[in-house]
Amino acid sequence: MNRIDEAFARLKETGTGGLMPFVCAGAPTPDALVKVLPALSDAGASVIEIGIPFSDPIADGPVIAAAMHDAIQRGTTPAQVFEQVRSVRDRVDCGIVAMVSVSLVHAQGGPAGFAAKARDAGFDGCIFPDAPLEESAELGAACKDAGLTCSLLIAPTTPEARAKAIAEACSGFVYMLARAGITGEQKDAPEIEARVQMLRRVTRLPIACGFGIATADHVRAVVQHADAAIVGTALVRRLDAAHKQGQPLGPEAEAFLTELSTGLVPMRL
């Protein structure tokens, strides 16, 4: 079974939510992934989401957009990301999913070529944030052929019928946006109960919820309803601050995920 499917199966068995930390490849240092991935796995991540740097990130707020810009300036390429993941895959027990723009997919040999490279590097799935539903069939088929999951984004404003169609194009899990707009840390926990209930009506896939989740309290609010909470901006910012202060990245990543995990609670069924 795919590691992502295994992760969500374990969460279902225990009745608790999971954590899906997001990190930007190549940030805050060129080799950050090799230090951070094992640490996040050791800290109990269910799935780790790796953003492959792209010049025009979709819906990312200033923190992640700046991290991607800096990573590109340092020369980070998809090939380097694949190699770094491959180098630590045997030390990472959890699933790993690529957050990747379709432009990069086409630059890496198209859907089939990219999926094969991702699989060989040790990825378990892909998230395509800028893939329109109407153009996602080839991406989904390539991921399926490579044994990878394929996830698309469902916005807070997506009508139920279209949300159902998007979910049907997904495998592994669906990515539900907790808020409209761009990513970034927020003070208040998102209100997602009604939205999750709607998605439960149209799909049996697990629901991972991201955008603006930054604290253990936010995680607690999310996993009462969704299967997993995605934390991105807060972790990217924390790693950048640690680097600037000369602190090791691995222990910082592990400490922050351990802090967030105090918000993991049984889901409401």
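Description of the structure in this document. (Residues numbered from 1 in each chain as written. Predicted model: local features only at pLDDT ≥ 70, side-chain atom pairs only at ≥ 80, totals over all residues. Heavy atoms only, no water.)

**So, the packing of helix α8 (residues 160-168) against helix α9 (residues 193-202)**
In a packed pair of helices, the relevant descriptors are the angle between the two axes and the axis-to-axis distance.
Part 1: Following both chains from N to C, one finds α8 and α9 inclined at 60°, their axes separated by 9 Å at the closest point. Taken as axis vectors, α8 and α9 run oblique relative to one another. The element α8 and its partner α9 pack so that their crossing is right-handed. Of the residues in α9, those touching α8 at E160, A163 and K164 are M198, L199, R201 and V202. (Axes fitted to C-alpha atoms, helices over the stretch in contact; angles between N-to-C directions. Helix = DSSP H or I, 4+ residues; strand = E, 2+ residues; numbered from the N terminus. Parallel < 35°, antiparallel > 145°, perpendicular 65-115°, else oblique. Left-handed = near helix turned anticlockwise from the far one by under 90°. Contact = heavy atoms within 4.5 Å.)

**What to know about the packing of helix α6 (residues 110-121) against helix α7 (residues 137-146)**
Part 1: Taken N-terminus to C-terminus, the directions of α6 and α7 make an angle of 35°; their axes are 8 Å apart at the nearest point. As for how α6 packs across α7, the hand of that crossing is right-handed. On α7, the residues that touch P111, A112, A115, A116 and R119 of α6 are E138, L139, A142, C143 and A146.
Part 2: Counted by class, the contact of α6 with α7 contains eight nonpolar, no polar and two charged residues. (Nonpolar A, V, L, I, M, F, W, Y, C, P; charged D, E, K, R; others polar.)

**Re unusual backbone geometry**
Negative phi values dominate among residues other than glycine, just as trans dominates among peptide bonds.
Part 1: The omega torsion of the bond from A27 to P28 falls at 5°, within 30 degrees of zero and hence cis.
Part 2: Within the chain, F211 stands out as a residue other than glycine whose phi angle is a positive 95°.
Part 3: Locating F211 in the fold gives a position in the loop between β8 (207-210) and α10 (216-223).

**Looking at the environment of A178**
Part 1: Residue placement: A178 occurs in the loop between β7 (174-177) and α9.
Part 2: Its relative accessible area of 13% is what places A178 among the buried residues. (Buried < 20%, exposed > 50% of the residue type's maximum accessible area, 1.4 Å probe, protein only.)

**Notes on the sheet that holds strand β3 (residues 95-99)**
Part 1: The sheet built from nine strands is open, its strands ordered β5-β4-β3-β2-β1-β9-β8-β7-β6 with parallel pairing. Two strands in the sheet have a free side with no partner beyond their single neighbour: β5 (149-151) and β6 (153-154).
Part 2: Judged from the four bridges that link them, strand β1 (residues 18-24) and strand β9 (residues 228-231) form a sheet pairing that is parallel. Of the residues in β9, the one forming a bridge with M20 is I230. (Pairing = 2+ DSSP bridges.)

**Quick word on helix α11 (residues 233-244)**
Part 1: When the terminal C-alpha atoms of α11 are compared, their 17 Å separation across twelve residues agrees well with the 16 Å that a helix rising 1.5 Å per residue should span.
Part 2: For α11, the full list of buried residues reads T233, A234, L235, V236, L239 and A242.
Part 3: Of the residues trailing α11, G246 is marked for its positive phi of about 75°. (Expected span 1.5 Å × (residues − 1).)

**Let's talk about the environment of D90**
Part 1: Locating D90 in the fold gives a position in the loop between α4 (78-88) and β3.
Part 2: In this structure the C-alpha to C-alpha distance between D90 and P38, which are 52 residues apart in sequence, comes to 9.1 Å.

**Comments concerning the pairing of strand β2 (residues 47-51)**
Part 1: With respect to burial, β2 is a largely interior element, five of its five residues being buried.
Part 2: Here β2 shows two buried faces, one formed by V47, E49 and G51 and the other by I48 and I50.
Part 3: Bridge count for β1 against β2 is three bridges, and the pairing is parallel. From the neighbouring strand, F22 faces β2, where its bridge partner is E49.
Part 4: Handedness of the β-α-β unit built from β1, helix α2 (residues 32-42) and β2 comes out right-handed.
Part 5: Two strands pair when backbone bridges link them, and β2 and β3 are joined in this way by five bridges, in the parallel orientation. Paired with I48 across the two strands is I96, which belongs to β3. (Right-handed = clockwise from strand over helix to strand, strands pointing away.)

**Observations regarding the side chain of T158**
Part 1: Within the element layout of this structure, T158 appears in the loop between β6 and α8.
Part 2: Using a relative accessible area of 11% as the deciding quantity, one classes T158 as buried.
Part 3: A distance of 3.1 Å separates a polar atom in the side chain of T158 from the backbone nitrogen of A155. (Polar contact = N/O pair within 3.5 Å; in protein donor to acceptor, adjacent residues only side chain to side chain.)

**Here we look at α7**
One turn of the α-helix equals 3.6 residues, which is why residues spaced by three or four share an orientation.
Part 1: Among all positions in α7, only L139, G140, A142, C143 and A146 are buried. Burial along α7 is one-sided: seen end-on, the buried residues are contained in an arc of 165°. Away from its buried face, by an angle of more than 90 degrees, α7 presents the exposed residues A137, E138, K144 and D145.
Part 2: Those residues of α7 hidden inside the fold are in contact with α5 (102-107), α6, β4 (125-127) and β5.
Part 3: G147 sits one or two positions beyond α7 and adopts a positive phi of about 80°. (Arc of directions from axis to C-beta.)

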